[in-house]
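# Working through the structure, step by step
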Protein chains: 2
Amino acid sequence: MAQSVLLTGAAGRVGDAILGRLADEHEWRLLDRDPPTDEQPGEFVVADITDDEAVREAMDGVDVVIHLAGDPRPEAPWDSVLTNNIDGTQTVFEAAVDAGVEKVVFASSNHAVGAFETDERTPEMYRTDDDYLLDGTELPRPGNLYGVSKAAGETLGRYYHDEYGLSVVNVRIGNLTEGHPPIDYERGQAMWLSYRDCAHLFDRCIRADYGYEIVYGISDNDRKYYSIDRARDVLGYEPRDNSADHD
Amino acid sequence: MAQSVLLTGAAGRVGDAILGRLADEHEWRLLDRDPPTDEQPGEFVVADITDDEAVREAMDGVDVVIHLAGDPRPEAPWDSVLTNNIDGTQTVFEAAVDAGVEKVVFASSNHAVGAFETDERTPEMYRTDDDYLLDGTELPRPGNLYGVSKAAGETLGRYYHDEYGLSVVNVRIGNLTEGHPPIDYERGQAMWLSYRDCAHLFDRCIRADYGYEIVYGISDNDRKYYSIDRARDVLGYEPRDNSADHD
């Protein structure tokens, strides 16, 4: 069944991957700070994610929110992630609850757990013969303040799920690139997410039933240190790409 | 060995419990938004925790920071916990790293995990014949936005430990009351922390060696659903009080 979906941060790379394949699958409302430069598959709202009133208006009649908006830079300074990522995400959750939205899909990041990649474990953990595996039940270990902000967003989701019954899934997105995996970059190959798998994964987040989940968003790479079992089991994620096929 | 300790939020209840017993044990610098009303055991800095410059100045020459400052109300609104608790804590960590501080002791809270107390588990989990036990390795489940802010502070500590080698211990403080445990309140008795045990626990946080820890701060109550094993093992915490002795 097609859903009415609000996509925040629609003009970014993840939004591009999603809309490139799902434009006709759902009814879209798009929100971004930057106005669109070409034709869009739905109503486009130009607003900052911290603009409470605009975000509330954009939620009207929406079933599902995919919340991508925020400062996407791993090296982003604290003031920016505090405002855009932490405060912005709370604005989204609060408005979603008030608007009676059913599900919020939160774009978390591999950076929420980046500090598990210690000097002792790397580069071995990026290789197929290493069995180190994170599955989303571990406490966050952010490698930067951007990662701290993503972990905080996940905890906000936990609260809004527990308190208001909102369905929340956090997707710790890996390394999203179009066409082929990063070249000569083992880490990037281990956490590669193809555009095709990305769109499919978010489609599953829109359609599946769940309570509160943390899943890793990567393709079915031979090399991986993130488990995709939870995404398969709960969301019905069936990735079709594998960075090893591009060697 | 006596340490030079900066105590933020010194005028609050936890600060009162600490200074009431440890005033002569360490060299204190005290910081609070509110000026003191009586004699203090050390230099007193009147400043808001979000005042970057004042916090940096207060760190000078300090070995250990006990960071209590923040909005302590479980029902505090988002804007206040975002500013005072999340942003304020980042200010403290950043200043501590720059000043070469060795340890930061962060006053976290039982509210970081309050939503584990579901309708299905309570009141059974507050009783001695129930074996439900949280030990600090579980993902946070805040019962309110104040709890979200405390979980975010813990994650900030994880980052500053991993990135800069700062020793960080998060104390999820239970129900701190002077003299005797809460009366006719099973939950409060299960998570009681006496003033005496509170002071001893923070003294251990000042003196012990650790990397990154999350511990529960409660007395050795017969009724408990928080493990104090980690506090015993890593910090050498030896509580002397038990809410069951006050029935």
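Residues numbered from 1 in each chain as written. Chains lettered and ligands numbered in written order. Predicted model: local features only at pLDDT ≥ 70, side-chain atom pairs only at ≥ 80, totals over all residues. Heavy atoms only, no water.

### Considering helix 6 (residues 195–207) of chain A
An α-helical segment advances 3.6 residues per turn. Residues three or four places apart therefore align on the same side. For clarity, the cut-off: In this text, helices come from DSSP runs of H or I with a minimum length of four residues, and strands from runs of E with a minimum of two, each type numbered from the N-terminal end. Here, expected helix span is obtained from the residue count minus one, scaled by 1.5 Å. Relative accessibility thresholds used throughout: buried, under 20% of the residue-type maximum; exposed, over 50%; partly exposed, between the two (1.4 Å probe, protein chains only).
For helix 6 of chain A, spanning 13 residues, the distance from its first C-alpha to its last is 18 Å, which sits close to the expected 18 Å at 1.5 Å a residue. Three or more residues of helix 6 of chain A are buried, namely Y195, D197, C198, A199, L201, F202, D203, C205 and I206 of chain A.

### Some words on the nonpolar core
Inside soluble globular proteins, nonpolar side chains tend to come together where they are buried. Quick reminder of the rule: Residues belong to one nonpolar core when they are buried, are Ala, Val, Leu, Ile, Met, Phe, Trp, Tyr or Cys, and are joined through side-chain atoms within 4.5 Å.
Ranked by size, the top nonpolar core spans 68 residues in total, and within it M59 and W78 of chain A together with M59 and W78 of chain B carry the most contacts. Of all the secondary-structure elements, those providing two or more residues to this core are helix 2 (52–58), helix 3 (78–99), helix 4 (145–164) and strand 9 (212–217) of chain A together with helix 2 (52–58), helix 3 (78–99), helix 4 (145–164) and strand 9 (212–217) of chain B.

### Side note on the sheet that holds strand 4 (residues 64–67) of chain A
All names here are of chain A. Put simply, the rule reads: By the convention used here, strands pair only if DSSP detects at least 2 bridges between them. Axes, fitted as lines to C-alpha atoms, cover a helix only where it is in contact. Angles between the N-to-C directions of the axes lie from 0 to 180 degrees. Note on contacts: a residue pair qualifies if any of its non-hydrogen atoms lie within 4.5 Å across the two residues.
Reading across the sheet, the seven strands line up as 3-2-1-4-5-6-9 and stay open at both edges, with parallel pairing between neighbours. Of all strands in the sheet, those bounded by a partner on one side alone are strand 3 (42–46) and strand 9. Sheet twist, expressed as the mean angle between neighbouring strand axes with direction ignored, is 20°. Pairing of strand 2 (residues 27–32) with strand 3 involves five bridges; the strand directions are parallel. By the bridge assignment, W28 is partnered in strand 3 with G42. Where helix 4 meets the sheet, it contacts strand 5 (103–109), strand 6 (167–173) and strand 9, and its direction lies at approximately 160° from that of strand 5.

### Section: the packing of aromatic side chains
Threshold: Any two of the Phe, Tyr and Trp rings considered here, Trp counted by its six-membered ring, make a pair once their centres fall within 6.5 Å; the pair's planes then place it as stacked at under 30 degrees, edge-to-face at over 60, or tilted in between.
Following the criterion strictly, the structure yields 14 aromatic pairs over all chains and no others. Their ring planes at 85° and their centres at 6.3 Å tell us that Y159 of chain B and Y164 of chain B sit as a pair that is edge-to-face. Looking at Y159 of chain B, the relative accessible area reads 7%, which means it is buried. Consider the rings of Y216 of chain B and Y226 of chain B, whose centres lie 4.2 Å apart with planes at 10°: the pair is stacked. Separated by ten residues along the polypeptide, Y216 of chain B in strand 9 and Y226 of chain B in the loop between strand 9 and helix 7 (229–235) bring together distant segments of the chain. You can call Y216 of chain B buried: its relative accessible area is 1%. With relative accessibility at 0%, the residue Y226 of chain B sits in the buried group. An aromatic cluster is present here, built from F93, Y159, Y160 and Y164 of chain A joined pairwise through their rings.

### Considerations on the environment of R121 of chain A
All names here are of chain A. With respect to the secondary-structure elements, R121 resides in the loop between strand 5 and helix 4. Note on R121: relative accessible area 27%, which makes it partly exposed. In this view, R121 contacts F116, Y132 and R141; residues no more than four positions away in its chain are not counted.

### Some points on the relation of the copies chain B and chain A
Short version of the rule: Least squares is the method used to superpose the copies, on C-alpha atoms of residues holding a pLDDT of at least 70 in both.
Laying chain B over chain A is done by rotating through 180° and shifting 0.0 Å along the axis; what remains is an RMSD of 0.0 Å. Taken together, the rotation angle and the small translation identify this as a two-fold axis. A shared interface surface links the copies, since 100% of the contact residues of chain B are contact residues in chain A too.

### Here we look at the sheet that holds strand 1 (residues 4–8) of chain B
Residues and elements named next belong to chain B. The parallel open sheet is built from seven strands, whose spatial order is 3-2-1-4-5-6-9. The two strands at the open ends of the sheet, each matched to only one other strand, are strand 3 (42–46) and strand 9. For this sheet the average axis-to-axis angle between neighbouring strands, irrespective of direction, equals 20°. Where strand 6 (residues 167–173) lies against strand 9, six bridges are found, and the strand directions are parallel. Of the residues in strand 9, the one forming a bridge with N170 is I214. Where helix 3 meets the sheet, it contacts strand 4 (64–67), strand 5 (103–109) and strand 6, and its direction lies at approximately 180° from that of strand 4.

### What to know about the UniProt feature "domain: NAD-dependent epimerase/dehydratase" (unreviewed entry) in chain A
Threshold: UniProt positions are given in the numbering used here, feature names are shortened, and annotations may be inferred rather than shown by experiment.
Here, UniProt's "domain: NAD-dependent epimerase/dehydratase" (unreviewed entry) annotation points to residues 5–176 of chain A. Secondary structure content for residues 5–176 of chain A is 34% helix and 20% strand, and the end C-alpha separation is 22 Å.

### Here we look at unusual backbone geometry
Residues and elements named next belong to chain A. Geometrically, the link from T122 to P123 is a cis peptide bond, its omega value of 0° lying close to zero. You can see P123 is positioned in the loop between strand 5 and helix 4. Positive phi values are uncommon outside glycine, yet D184 reaches one of about 55°. Checked against the element boundaries, D184 lands in the loop between strand 7 (175–177) and helix 5 (186–190).

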